[in-house]
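Here's the letter readout for the chains.
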Amino acid sequence: MGLFRTFVFLLVLYLLQLSNTSLVQLNNNGYEDIIIAIDPDVPEDEKIIEQIKDMVTTASAYLFEATEKRLFFKNISILIPENWKENIQYRRPKHESYTHADVLVAPPTIPGRDEPYTRHFMECGDKGEFIHFTPDFVLGNKQNEYGPAGRVFVHEWAHLRWGVFDEYNEDEPFYKAKSKKIEATRCSTGISGMNRVYKCQGDSCISRSCIIDSQTNLYEEDCQFFPDKVQNEKASIMFMQSIDSVVEFCSAKNHNREAPSIQNKKCNSRSIWEVISNSEDFNNTVPMVAPPPQPAFSLLKISQRIVCLVLDKSGSMASDNRLNRMNQAAKYFLLRIVNGSWVGMVHFDSSAYDKSKLIQIISSNERNKLSEILPTKASGGTSICSGIRSAFQMIKHSFHQTDGSEIVLLTDGEDNTVSSCMEDVKQSGAIIHLIALGPSAAQAVIEMTNITGGLHKLSSDQAENNGLIDAFGALASGNTDISQQDLQLESTGLTLTNDHWMNGTVIIDSTVGKDTFFLVTWGRQLLDISLWDPSGTLMGGFTVDTNSKMAYLSIAGIAKVGIWTYSLKAQVSSETLTVTVTSRASNSSVPPITVNAKMNKDTNSYPSPMIVYAEVQQGYLPVLGANVTAFIESESGKMEILELLDNGAGADSFKNDGVYSRYFIAYRENGRYSLKVRAQGGTNAVTRSLRHPLNKALYIPGWVVNGEIEGNPPKPEVNEDTQTALESFSRTASGGAFVVSNVPTNSFPDVFPPSQITDLDAKTYEDQITLTWTAPGDDFDVGKVQQYIIRTSGSILDLRDNFDDALQVNTTDLLPNEANSKETFTFKPGNISEENATHIFIAIQSVDKSNLTSKVSNIAQVALFIPQADSSPDENPQNPSPGENHHNTGVNISTLVLLVVGPAVVVSIILSTTICILKKKKSVSRPSTGF
């Protein structure tokens, strides 16, 4: 048995490495099983379906040429909302669902803001979450602003599938190029155009040259790059795919490494094509000789939910109160599943027992009937396939097929016959969800969840961690619209010893409150339950189930907004209590605050780190300033608690994007781990950001035609700095299970280096450079590093590829701070060996107490010149105040050039004399702010 379990465990690890939220497969150069889902809030319009088909068809041909005849779109499923009317062409989905959608056609994040974007918050080369297109965009109403939909789809597909980033930067739209001019951030530099300020009032528009800002030595904030309508340049799709001539991604031969693009910052200055060429898709294909076939489309319509609970009642379920805990969680599931769903139940041990045919949930009568047949006795062996086959037969008896149905399988035991029904599962079209209870639950079933798009949940035997109720609760809402989904406001537990009381509070904010549900469970004897609403009124009416040892209360209507208080008094010592609170959106037109949690991968091998992610959003808008905590529990019940951060450092890719992240390296044992996340926000401490989403197709302000600008309609006026204060809220969310292998059984040597610094920034003042960055830790983002190694170069490639050979900065006085602190260091640069250097490039490496080194940081740069503005004639001056501000700036930059270039500058007697004279004229010198 032990050998078999080891084999199964290794097989599962291999399979999990291939898993992802997306169900897309690459088969003979073609992408299959792509899901494009239309959101239920999109008004019914069959033109959207036809436009999706046109978009994908043109995108396929464009993608094929852009990938050098390697890749195309083969088959696509379009998921149609349940509230759209029936059509004979629509079929029932199988594994397809909103959860697995690759593309969402949904209303804009803010009315009028129709930018196409990809939700991607992981590392370079990692897959994204989904692409968001608005109905207006799909219908072709935004082609002038973003280009043809098919081309935009390829731009976004590159974000989603290959984890590349944009080759522009809205925060840094211009930079000081080595040509000593200001250039627009783009790739390739062969794309021509004009830098202009373009303003319209009514039908009247004026254009003028851009002014250089005396503080930044770059163009003013309103300056924009207007591309020429007619171009010859072929790259790059990740900059501006809307240009007719652009049909390629930037490659190593034409990549613009000096531009501060997001691609350069996140992918270590590698070109788009270098990242794509390193992808699994590229390595598993060869160029095709013949042209690809046209994409095939399936129209699938969401319909009523069909679920069968397949519950383990084998002898091992008698230990650790497992049977009763399963019944508590299953009853909770039955109480919360939405009306209209069909539910059946199968028990299994060494055989299977049909306990109830499918019943449609209409009222509490059906829920109670199903609850009454939950298993009451544990005995026998474990035959998972018997339970699954019995469930399939039950579903076929009522609906003649199993397509799109769901099996919720709970098991706590091993079963070496699982493979015997794997083919049945593959052919069924059903979705298998696994809830693994305890450390011995069958590993092989995980493959079923992967191939069918099901969820994998884990609960340990530590009842106070509330894992079983969290797992069943995460499955209760299914594929319903967000306004109908259960949102968990609280999930907590406590094992009492000397104290008989468990007290706490729950926040109900205004975005929720409908169908609010309080659940309390205990392990031994009935307890006293008190619950007060925000006004202090004591709530009665709890339904008590002494057999299942649970009590629950459903609040009629909309629950009062504010802090609810509960107090539980146990009747015996050594009692385990849990509290779970869920609610639904109070208003279908106002999106609720939500939390979604995940790990960066489903399997891992020690000592590789993992990353925890938690998205906190209201609708599609990020929520900032929340306190987010991750609870990671091993299958034996050991708990690790992590504070997640949205600081753009360490594991967190982007600051203030509503995604809170942290490295997880506290491995304690091999096997499965579960993730749960809690997010809380205090009044006026959290905000909803109106910032434009990242990873999106670039808005085109207009085109240059025959030397004149033809402007596009301006983007809706939204102040991106505006952050709407939110009220207090609390949410919890289950992030599923993951598997870890190769963890040492005895000692744990120091194998974890500091994390890479990803937010290094450099600023100049007079003859000094000031660096800022977020401190890494001794072990990734925990603790404090021993030292920093800072090196400089006049060549970005030399610094990136030969960091150890670059000029080292004296950091003797630089004392590292604790992880996630802000670091600052000011220094005078030494001589740069490269002749004709126009920039100083700077990078940092961290060293820990075991002499382990981090990856080299992102590369910061400072320019050694004052850039020149466009030389094209204009009636307006390029800088209305070139006198004193430019005079002082010239001194500072010239001084920096003198220090860096050294002997080369000394040769120029005139320049040296000028610098000395100007220095003497300065009356005030700013003191050093560095170490």
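Above this note sits the structure.
Let me sum up the structure you'll find in this document. The structure displayed is predicted, hence computed values, not measured ones.

### Points about the side chain of Ser-477
Moving on, step 1. Looking at where Ser-477 falls in the secondary structure, it is placed in the loop between helix H15 (467-476) and strand E21 (487-496).
Moving on, step 2. Excluding its chain neighbours within four sequence positions, the residues that come into contact with Ser-477 are Arg-305, Gln-485 and Asp-486.

### A short note on the sheet that holds strand E12 (residues 204-209)
Hydrogen bonding along the main chain pairs the strands of a sheet, whether they run parallel or antiparallel.
Moving on, step 1. On the basis of which strands lie adjacent, the open sheet formed by three strands has the order E12-E11-E13 and antiparallel pairing. Bordering the open sheet on either side are E12 and strand E13 (224-227), each of which pairs with just one other strand. Direction aside, the axes of adjacent strands within the sheet are offset by 55 degrees on average.
Moving on, step 2. Direction of pairing for strand E11 (residues 193-201) relative to E13: antiparallel, over a ladder of four bridges. Within E13, the residue paired with Arg-196 across the bridge is Gln-224.

### A look at the sheet that holds strand E22 (residues 501-508)
Moving on, step 1. If you trace the four strands from one edge of the open sheet to the other, you get E22-E28-E24-E25, paired in antiparallel fashion. Two strands bound the open sheet, and with one partner strand each, they are E22 and strand E25 (538-539).
Moving on, step 2. Examined bridge by bridge, strand E24 (residues 528-532) and strand E28 (residues 562-569) share five bridges and lie antiparallel to one another. Across the sheet, residue Ser-530 finds its bridge partner in E28, namely Ser-567.

### Re the environment of Tyr-663
Moving on, step 1. Mapped onto the fold, Tyr-663 is located in strand E36 (residues 659-664).
Moving on, step 2. Residues Tyr-663 and Ala-651, 12 residues apart in the sequence, show an inter-C-alpha distance of 5.8 Å.

### Points about the packing of helix H10 (residues 322-336) against helix H11 (residues 364-371)
Moving on, step 1. Relative to each other, H10 and H11 sit at 165 degrees, their axes nearing to 9 Å. The angle between H10 and H11 falls in the class roughly antiparallel. Between H10 and H11 lies a crossing whose hand is right-handed. Contacts from Lys-331, Leu-334, Leu-335 and Arg-336 in H10 reach Arg-367, Leu-370 and Ser-371 in H11.
Moving on, step 2. Looking at the contact of H10 with H11 residue by residue, the class counts come to three nonpolar, one polar and three charged.

### Let's talk about the state of the cysteines
Moving on, step 1. Using the criterion set out here, one finds five disulfides in the structure.
Moving on, step 2. Disulfide pairing places Cys-124 opposite Cys-267 at an S-S distance of 2.1 Å. Looking along the S-S bond of the Cys-124-Cys-267 disulfide, the torsion reads about 105 degrees, which is the right-handed sense. Of this pair, Cys-124 sits in the loop between strand E7 (117-119) and strand E8 (130-133) while Cys-267 sits in the loop between helix H7 (262-266) and helix H8 (272-277), and the two are 143 residues apart along the sequence. Each member of the pair, Cys-124 together with Cys-267, is buried.
Moving on, step 3. Each sulfur in the disulfide pair Cys-200 and Cys-205 lies 1.9 Å from the other. Because the torsion about its S-S bond is 110 degrees, the bridge between Cys-200 and Cys-205 counts as right-handed.
Moving on, step 4. On the accessibility criterion, Cys-200 (44% relative accessible area) is partly exposed.

### Comments concerning the pairing of E8
Moving on, step 1. Here E8 shows no split at all, with Phe-130 and His-132 on one side and Ile-131 and Phe-133 on the other all buried.
Moving on, step 2. As defined by bridge partners, E7 adjoins E8 across three bridges and the pair is classed as antiparallel. Opposite Thr-118, over in E8, you have Ile-131 as the bridge partner.

### Thoughts on the environment of Asp-750
Moving on, step 1. Mapped onto the elements, Asp-750 comes out in the loop between strand E42 (729-741) and strand E43 (761-765).
Moving on, step 2. Residues Asp-750 and Asp-778, spaced 28 residues apart in sequence, show a C-alpha to C-alpha distance of 9.7 Å.
Moving on, step 3. The residues contacting Asp-750, other than those within four sequence positions of it, are Asp-778, Asp-779, Asp-848, Lys-849, Ser-850 and Leu-852.
Moving on, step 4. A distance of 3.4 Å separates the side chain of Asp-750 from the backbone nitrogen of Phe-752, its partner in a polar contact.
Moving on, step 5. Among the polar contacts made by the side chain of Asp-750, one reaches the side chain of Ser-850 at a distance of 2.7 Å.

### Section: the nonpolar core
Moving on, step 1. Residues Phe-73, Phe-153, Trp-157, Trp-162 and Phe-249 are the most contacted members of the largest nonpolar core, which totals 72 residues.
Moving on, step 2. In terms of residues, this core owes the most to one element, helix H2 (residues 46-66), which gives nine residues.
Moving on, step 3. With sequence-adjacent residues up to four places away left out, Trp-157 is seen in contact with Val-24, Tyr-31, Ile-34, Phe-73, Ile-131 and Trp-162.

### A look at H15
Moving on, step 1. Across the 10 residues that make up H15, a large majority, nine, are buried.
Moving on, step 2. Within the span of H15, buried status applies to Gly-467, Leu-468, Ile-469, Asp-470, Ala-471, Phe-472, Gly-473, Leu-475 and Ala-476.
Moving on, step 3. Downstream of H15 by a residue or two, Gly-478 has a phi angle that is positive, lying close to 65 degrees.

### Description of the packing of H10 against H15
Moving on, step 1. One can describe the packing of H10 onto H15 by two numbers: an axis separation of 9 Å at closest approach and a directional angle of 25 degrees. Relative to H15, the element H10 lies roughly parallel. For the crossing formed where H10 meets H15, the hand is right-handed. Here H10 contributes Arg-325, Met-326, Ala-329, Ala-330, Tyr-332, Phe-333 and Arg-336 to the contact with H15, which in turn contributes Leu-468, Ile-469, Phe-472, Gly-473, Leu-475 and Ala-476.

### Focus on the pattern of salt bridges
Moving on, step 1. Under the counting rule described, the total for this entry stands at 38 salt bridges.
Moving on, step 2. Linking Asp-781 and Arg-662 is a salt bridge whose minimum nitrogen-to-oxygen distance equals 3.0 Å. In this pair, Asp-781 is assigned in the loop between strand E44 (768-774) and strand E45 (787-793) and Arg-662 in strand E36, connecting sequence segments 119 residues apart. Taken individually, Asp-781 and Arg-662 each receive the classification buried, so the pair is uniform in this respect.
Moving on, step 3. Close ionic contact of Lys-849 with Asp-778 constitutes a salt bridge, the shortest N to O distance being 2.8 Å. Of this pair, Lys-849 sits in the loop between strand E48 (839-847) and strand E49 (860-863) while Asp-778 sits in the loop between E44 and E45, placing them 71 residues apart in sequence.
Moving on, step 4. Through salt bridges with shared partners, a single ionic network connects Asp-320, Arg-322, Arg-325, Asp-412 and Asp-461.

### Here we look at the packing of aromatic side chains
Describing an aromatic ring pair means giving the distance of the ring centres and the angle of the ring planes.
Moving on, step 1. For the structure on display, the rule yields 33 aromatic pairs.
Moving on, step 2. When the ring of Tyr-332 is compared with that of Phe-517, the centres are 6.1 Å apart and the planes differ by 35 degrees; the resulting orientation is tilted. With Tyr-332 in helix H10 and Phe-517 in strand E23 (residues 512-522), the pair connects residues that are 185 residues apart, well separated along the chain. Here Tyr-332 and Phe-517 have matching classes, each one buried.

Definitions and cut-offs
Residues numbered from 1 in each chain as written. Predicted model: local features only at pLDDT ≥ 70, side-chain atom pairs only at ≥ 80, totals over all residues. Heavy atoms only, no water. Helix = DSSP H or I, 4+ residues; strand = E, 2+ residues; numbered from the N terminus. Contact = heavy atoms within 4.5 Å. Pairing = 2+ DSSP bridges. Axes fitted to C-alpha atoms, helices over the stretch in contact; angles between N-to-C directions. Parallel < 35°, antiparallel > 145°, perpendicular 65-115°, else oblique. Left-handed = near helix turned anticlockwise from the far one by under 90°. Nonpolar A, V, L, I, M, F, W, Y, C, P; charged D, E, K, R; others polar. Disulfide = S-S within 2.5 Å. Buried < 20%, exposed > 50% of the residue type's maximum accessible area, 1.4 Å probe, protein only. Polar contact = N/O pair within 3.5 Å; in protein donor to acceptor, adjacent residues only side chain to side chain. Core = buried A, V, L, I, M, F, W, Y, C linked by side-chain atoms within 4.5 Å. Salt bridge = Lys/Arg side-chain N within 4 Å of Asp/Glu carboxyl O. Phe/Tyr/Trp six-rings, centres within 6.5 Å; stacked < 30°, edge-to-face > 60°.

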